[in-house]
Amino acid sequence: MSAHNTNTIPLYNFFTLFEFVFYLFFFRTLFSSPSMKKIMMVVIIFYFILAMANILFIQGLYTFHSFTFIIGSTLIVVFSISYFYFLFRQPESSGLIKNTFFWIATGLMFYYICAIPQYGLENFITQKIKYYNKLLLFIGDLLNVLLYTLFSIGFLCKVKFRKLSGL
């Protein structure tokens, strides 16, 4: 779309909104406490309404929603740390290396810790300092590589490899 001079910011705004809601639902499934599930549901609904209002009325459809991106990133980091807290308090029969959710939460935590300053300041940086726009894109690509590498490790830790008898 951007190759045809079509503004992709509205698409990216709604994509990141639903991405945050999806990840918050993911964390909601990891907690077994009914009170934590209720808190998560309230947070999800509140974040969705706040982000929609920001995208449509405050920052606008054609401006990146940096305010609610920072809030969503902070929520992901907080719930990642909460998951680690509850995970380390429970006796685990198998190690963390084989826990898929540990790797996913680790990837999300590292990605969004780094994404807060990058995307939170994106509107300011792209308007004031044009040179850094390409640098921000490169850093975003590196963060995506880290995120999806940790996701892949998490998914691969559940795969059981069998030795071939002929080798």
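Scroll up to find the structure this text is about.
Residues take numbers from 1 onward in each chain, read along the sequence in its written order. Reporting in this predicted model follows two pLDDT cut-offs: at least 70 for local features of residues, and 80 or more for side-chain atom pairs to be given and counted; totals over whole chains, interfaces and linings ignore these cut-offs and use all residues. By convention in this description, side-chain values take in all heavy atoms of the structure and omit both hydrogens and water.

Caption draft 1: The arrangement of the overall build of the chain in detail. Regarding its fold elements, the chain presents 6 helices and 0 strands. The secondary structure listing takes helices from DSSP runs of H or I that are at least 4 residues long and strands from runs of E that are at least 2 residues long, numbered from the N terminus. Its helices and strands in sequence order give the chain the pattern α-α-α-α-α-α, from N to C terminus. With the principal axes as the frame, the chain shows a C-alpha extent of 60 × 50 × 25 Å. Relative accessible area decides the class of each residue, using a 1.4 Å probe on protein chains only: under 20% of the type maximum gives buried, over 50% gives exposed, and in between gives partly exposed. When each of the 167 residues of the chain is scored for burial, the buried share is 40%. When contacts within the chain are restricted to residue pairs at least 6 apart in sequence, long-range pairs at least 24 apart make up 68% of them. Residue-level accessible areas treat just the shown protein chains as cover; the underlying method is Shrake-Rupley with a 1.4 Å probe. Accessible area for the chain stands at about 10,800 Å²; split by element, carbon and sulfur atoms hold 71% of it. Contacts between residues were defined by any pair of non-hydrogen atoms, one from each residue, lying within 4.5 Å.

Caption draft 2: Quick look at the side chain of Ser-73. Considering the arrangement of structural elements, one finds Ser-73 in helix α3 (residues 66-89). Setting aside anything within four residues of it in sequence, one finds Ser-73 in contact with Phe-20, Tyr-112 and Ile-116.

Caption draft 3: Quick look at the packing of α3 against helix α4 (residues 100-120). Axes here mean lines fitted to C-alpha atoms, for a helix over just the part in contact, with angles spanning 0 to 180 degrees between N-to-C directions. α4 packs onto α3 with a crossing angle of 150 degrees between their chain directions and a minimal axis gap of 9 Å. If you check the angle between α3 and α4, you find them roughly antiparallel. In terms of crossing hand, the pair formed by α3 and α4 is left-handed. Residue polarity follows a fixed list, in which Ala, Val, Leu, Ile, Met, Phe, Trp, Tyr, Cys and Pro are nonpolar, Asp, Glu, Lys and Arg are charged, and the others, Gly among them, are polar. For the contact of α3 with α4, the per-class residue count stands at 19 nonpolar, 6 polar and no charged. The cut-offs work like this: below 35 degrees is roughly parallel, past 145 is roughly antiparallel, 65 to 115 is roughly perpendicular, and the gaps in between are oblique. If you view the pair so one helix is near and one far, a crossing is left-handed when the near helix is turned anticlockwise from the far one by less than a right angle, and right-handed when it is turned clockwise.

Caption draft 4: Structural context of the packing of helix α1 (residues 9-30) against α4. Relative orientation of the contacting elements α1 and α4 amounts to 145 degrees, with a least axis distance of 12 Å. Once α1 is placed against α4, the crossing between them reads as left-handed. For the pair formed by α1 and α4, the contact residues are Tyr-12, Glu-19, Phe-20, Tyr-23, Phe-26, Phe-27 and Leu-30 on the first element and Phe-101, Ile-104, Ala-105, Leu-108, Tyr-112 and Tyr-119 on the second. Taken together, the residues of the contact of α1 with α4 sort by class into 12 nonpolar, no polar and 1 charged.

Caption draft 5: Structural context of the layout of surface pockets. Using a 1 Å grid laid over the protein atoms alone, points where a 1.4 Å probe fits but cannot get out form a cavity; open sets with protein on both sides within 12 Å along at least 5 of 7 lines form a pocket; any residue with an atom within 4 Å of a point counts as lining. Grid points are joined across faces, edges and corners, and a volume is the space filled by probe spheres set on the points. Estimated volume of the largest pocket: approximately 780 Å³. Around the largest pocket, the lining is made up of 30 residues, and of these Ile-9, Tyr-12, Tyr-119, Glu-122 and Leu-137 lie nearest the centre. Put simply, the parts of the chain that give the lining of the largest pocket at least two residues each are α1, α4, α5 (122-128) and α6 (132-156). With 8 residues, the top contributor of residues to the lining of the largest pocket is α6. Each residue belonging to the lining of the largest pocket can be placed in one class, and the counts come to 13 nonpolar, 13 polar and 4 charged.

Caption draft 6: Quick peek at the nonpolar core. Only buried residues count toward a nonpolar core, which is a set of Ala, Val, Leu, Ile, Met, Phe, Trp, Tyr and Cys residues joined through side-chain atoms within 4.5 Å. With 40 residues, the main nonpolar core has Phe-27, Ile-76, Phe-79, Tyr-83, Leu-108 and Tyr-112 as its most contacted residues. Secondary-structure elements contributing two or more residues to this core are α1, α2 (34-58), α3, α4 and α6. Here the element with the most residues in this core is α4; it accounts for 10 residues. Ignoring any residue separated from it by four or fewer positions in sequence, one finds Tyr-112 in contact with Glu-19, Phe-20, Tyr-23, Phe-69, Ser-73, Ile-76 and Val-77.

Caption draft 7: Highlighting the packing of aromatic side chains. Only Phe, Tyr and Trp rings are paired, with Trp represented by its six-membered ring, and only when their centres lie within 6.5 Å; those with planes under 30 degrees apart are stacked, over 60 edge-to-face, the remainder tilted. This model, assessed by the stated rule, comprises 22 aromatic pairs. When the centroid spacing of 6.1 Å and the interplanar angle of 50 degrees are considered together, the rings of Phe-64 and Tyr-119 count as tilted. Taken together, the residues Phe-64 in the loop between α2 and α3 and Tyr-119 in helix α4 connect sequence positions 55 residues apart. Taken as a pair, Phe-64 and Tyr-119 share a single burial class, namely buried. Ring plane angle 50 degrees and centroid distance 6.1 Å describe the contact between Tyr-83 and Phe-84, whose orientation is recorded as tilted.

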